[in-house]
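The primary structure of each chain is shown beneath.
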Amino acid sequence: MFGFLYTRVYSLSLTMCVRSCFRSPRLQWVWRTAFLKHTQRRHQGSHRWTHLGGSTYRAVIFDMGGVLIPSPGRVAAEWEVQNRIPSGTILKALMEGGENGPWMRFMRAEITAEGFLREFGRLCSEMLKTTSVPVDSFFSLLTSERVAKQFPVMTEAITQIRAKGLQTAVLSNNFYLPNQKSFLPLDRKQFDVIVESCMEGICKPDPRIYKLCLERLGLQPSESIFLDDLGPNLKEAARLGIHTIKVNDPETAVKELEALLGFTLRVGVPNTRPVKKTMEIPKDSLQKYLKDLLGIQTTGPLELLQFDHGQSNPTYYIRLANRDLVLRKKPPGTLLPSAHAIEREFRIMKALANAGVPVPNVLDLCEDSSVIGTPFYVMEYCPGLIYKDPSLPGLEPSHRRAIYTAMNTVLCKIHSVDLQAVGLEDYGKQGDYIPRQVRTWVKQYRASETSTIPAMERLIEWLPLHLPRQQRTTVVHGDFRLDNLVFHPEEPEVLAVLDWELSTLGDPLADVAYSCLAHYLPSSFPVLRGQASSTYAEQTGKLTEFVSNLAWDFAVKEGFRVFKEMPFTNPLTRSYHTWARPQSQWCPTGSRSYSSVPEASPAHTSRGGLVISPESLSPPVRELYHRLKHFMEQRVYPAEPELQSHQASAARWSPSPLIEDLKEKAKAEGLWNLFLPLEADPEKKYGAGLTNMEYAHLCELMGTSLYAPEVCNCSAPDTGNMELLVRYGTEAQKARWLIPLLEGKARSCFAMTEPQVASSDATNIEASIREEDSFYVINGHKWWITGILDPRCQLCVFMGKTDPHALRHRQQSVLLVPMDTPGIKIIRPLTVYGLEDAPGGHGEVRFEHVRVPKENMVLGPGRGFEIAQGRLGPGRIHHCMRLIGFSERALALMKARVKSRVAFGKPLVEQGTVLADIAQSRVEIEQARLLVLRAAHLMDLAGNKAAALDIAMIKMVAPSMASRVIDRAIQAFGAAGLSSDYPLAQFFTWARALRFADGPDEVHRATVAKLELKHRI
């Protein structure tokens, strides 16, 4: 029954989220930030080298990496996790060779960026005993805008230092970028002096560079303070007489700098601002009350600030004498029934503190409205760390696990409280918690309703009829989630649980379900990330409708249909359901967001279940999917117009510089070489270690853009050729061809199709491969060779006959042919419906007496047919998932178009034929997707050969489906659909072409029929 109960409560928890949308905006944030003393990293303490002398300071000198921006070591740790490189490899390679190592020589400008990366890559490869480490992507990440951002606390400190009349300087070991500009991602106007090692030719800890900085400042060593994160640099500075601070954490370092300078470097408490005019409270009466409460005799002023977010229960920061306090009050005016009950908040926190539950230390409840105009309570300000993002970016998996373990542990404490022992047995009604909650939500919703939302009306009618029975009665938090917890800055320990406004007595399963919402809602969901603003307020109506639909679909299409008709003890073998979430601004046009029920049996899961939803992928793969989705939205889609213009320009046969730039960004994001299946690369030496089924979801997402596969180095024919080399290549072949392809420094083509024969039958191939001395000599005429016109194409994987007299399937062989080999003559580029597909194109080529070394033979003579079949299986999955991506994008464009156009007196979206087309397209896409995912799943479980039937079926179904869906979209667009203004024409062209590529439809139909007759009669 637990699964059934959980599903129903989970749908209710979604409705709880709805409730938070139509109540006054972001009450959670007001309280949450009251305890926030936010730090970006774990506090590790601060150490200062001893020094002599004590004159007045006149300047502060800052190192850059590790002080003003993240250190290379920190960036390296993140990159190593993303790229599955052993921890510490990059740092060890950076230190290798000391003063004469490539890193130090690079920072002295003795070698270029290209030379550094070459030497650095060699060092890393030698350490790991592997052929290549993608150090280019580490360098891209290190210098990317996403990473190289100045710490806000340091920006604020520099502003305050300069405001006091002191000088500021940067003294940095840095380097020249490939564009010959020095790497200094800072606002130079912040500093009076900038000293860069690459410009001076000397690096810290060389004493000359310190003296140079002091000379330009016009100061003596004792008049300055130097901040650095490296001990040797600080030691040399201290030896010269400079006062030093070792930076382990920017926040802690700023505190120590404040102590040395004797004035504050921070404007105020994080996330606070001056009190709004409309939210002012009388200071004099409040100060008198606090003096009486705390026994304070001071005559100093009371400092009062307001926390930034929300106005539900206005919350203020107070500093009086040496006490840091938080005041939380009821808002003025007419309030919703039972809302803003600060008296209950005070009572529950006071009671739970005595039961060992970590809560803020509350001091007093004042119900006398004459003090500040409304009742309020006072508590101590609680410094700590609040994780706003439930994905916990930047933390190691083990740390994330510890954080969530601590979260679960404290929830268990809350649910284990003895109600009688702490005097809370009357804190709420016993029993019927869920029905009472539903009635309360409905009542509050009706009180704030401004318009009718059909989805909400459905929920209001349906929920009371499908409520679970309550199993236990405990304290219930009511809004238990990660960002309502204050964590210890150094340990995975919860210091305080916040936001008790919705607490009562009830069913503990409700808290469990609500805390799981972060794993179900879209990652961009505003409430999930604690986003609150005027924009949020304007969006609340749309958000309420969105979550209403989400809750409705989860309840009636997912949970009940599965659990109601199935004994919970039975493993879930084939009961999967899929549904499309409603489109909204939180699910961007052209994206897909689906859910499936979880597997009911651990045994079933261990064998690998069929996952039909990205949200049901394992957490690491799900995070990768969302990272790719974000990259598509932020980088790829906006670049499409420029990329399309390049393809139509005179320079189209040269690669677009924008593509190359996007590739570097994809590498830096860890979105590179995702395609290699785990079974072909079990040690994850070359790829991301995804299964075919996992990659299928990512491949579909990339397929929504014509350019994304190449940007992520996941485009055909390179993917098939790289997998061919991984599976069948020798170590020498891999070193020469595979590594440059994996690094994106080369491209390739596959030469099989011939104009003189029906190449759909690979045994018809006539091109000859003749042995001669230590070479093979190739002669043949090939066409439709995709990618051969690209100037980056360095390898042609060539299929021809070595023995025409052998058995039919043992006549062919595969050779690796360097494209600069004499005798390769490109006759012409071929067009597909007039499209050239530059710069790779599709070429007609003659091979005339092309001599290739024997060691370039793959696997051996007569193995060509076997290799081709092994290469095509995963490639067909990739093509089919990209086609589904085409179709999803086409349908999204179609829906947007018909909503915005009017014909014959009414919107196109109201025309019956248009509605029928939309429905038909959705059905066909879903059918094809399920078939493709099933094929990928079988490939993972049983191998490509065992999945032959399913592979043939998807290759038969997907291109035709895509052609129909795209054609309907073109029809809805009218003539615009045929233009290059939209991707539809190109989508249609390639969908039609893929009915030939990797085997024509007729061949796949024949395969399916033969297997059907063979196995199912």
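These figures come from a predicted structure and were not determined experimentally.

What counts and what doesn't
Residues numbered from 1 in each chain as written. Predicted model: local features only at pLDDT ≥ 70, side-chain atom pairs only at ≥ 80, totals over all residues. Heavy atoms only, no water. Helix = DSSP H or I, 4+ residues; strand = E, 2+ residues; numbered from the N terminus. Buried < 20%, exposed > 50% of the residue type's maximum accessible area, 1.4 Å probe, protein only. Areas by Shrake-Rupley, 256 points an atom, 1.4 Å probe, with all protein chains shown as cover. Phe/Tyr/Trp six-rings, centres within 6.5 Å; stacked < 30°, edge-to-face > 60°. Lys NZ or Arg CZ within 6 Å of the ring centre and 35° of its normal. Salt bridge = Lys/Arg side-chain N within 4 Å of Asp/Glu carboxyl O. Expected span 1.5 Å × (residues − 1). Contact = heavy atoms within 4.5 Å.

It is worth spelling out the overall build of the protein chain at this point. Along the protein chain, the regular secondary structure elements total 31 helices and 24 strands. Per-residue burial over the protein chain gives 57% buried out of 1017 residues. For the protein chain, the exposed area adds up to about 42,500 Å²; of that, 53% sits on carbon and sulfur atoms.

Before going further, it helps to spend a moment on the packing of aromatic side chains. A full pass over the atoms with the stated rule returns 20 aromatic pairs. Geometrically, the ring pair formed by Trp-103 and Phe-106 is tilted, given 6.4 Å between the ring centres and 55 degrees between the ring planes. Placement of the pair is Trp-103 and Phe-106 together in helix H5 (residues 102-107), with a separation of three residues, close to one helical turn. Across this residue pair, the class does not change: Trp-103 and Phe-106 are buried. Taken together, a centroid distance of 6.3 Å and an interplanar angle of 40 degrees make the contact between Phe-120 and Phe-138 tilted. Here Phe-120, found in helix H6 (residues 113-128), pairs with Phe-138, found in helix H7 (residues 135-142); they are 18 residues apart in sequence, far enough to count as distant. Considered together, Phe-120 and Phe-138 belong to a single accessibility category, that of buried residues. Across the ring face of Phe-798, the terminal group of Lys-782 is positioned such that the distance to the ring centre comes to 4.9 Å. The ring of Phe-775 is capped by Arg-851, whose NZ or CZ atom sits 4.7 Å from the centre of that ring.

Here the focus is the pattern of salt bridges. Scanning the model with the defined rule gives 53 salt bridges in all. Residue Lys-854 is joined to Glu-771 by a salt bridge in which the shortest nitrogen-to-oxygen separation is 2.2 Å. In this pair, Lys-854 sits in the loop between strand E22 (842-853) and helix H27 (864-900) while Glu-771 sits in strand E17 (residues 768-772), placing the two residues 83 residues apart along the sequence. Judged by its relative accessible area of 28%, Lys-854 is partly exposed. Glu-844 is the salt-bridge partner of Arg-828, the closest N and O atoms lying 2.5 Å from each other. Taken together, the positions of Arg-828 in strand E21 (residues 824-830) and Glu-844 in strand E22 put the pair 16 residues apart, joining distant regions of the chain. Overall, Arg-828 belongs to the partly exposed group, its relative accessible area being 39%. Through salt bridges with shared partners, one network takes in Glu-660, Lys-663, Glu-710, Asp-718, Arg-747, Asp-790 and Arg-792.

We now examine helix H22 (residues 657-668). An ideal rise of 1.5 Å per residue puts 16 Å on 12 residues; H22 measures up with 17 Å between its terminal C-alpha atoms. Every buried residue of H22 is listed here: Leu-658, Ile-659, Leu-662, Lys-663, Ala-666, Lys-667 and Ala-668. Considering only its buried residues, H22 is in contact with helix H3 (72-83), H7, helix H21 (619-647) and helix H24 (708-711). Where H22 ends, the next residue or the one after it, Gly-670, has phi of about 75 degrees, a positive value.

Distances and angles like these do not, on their own, reveal function.
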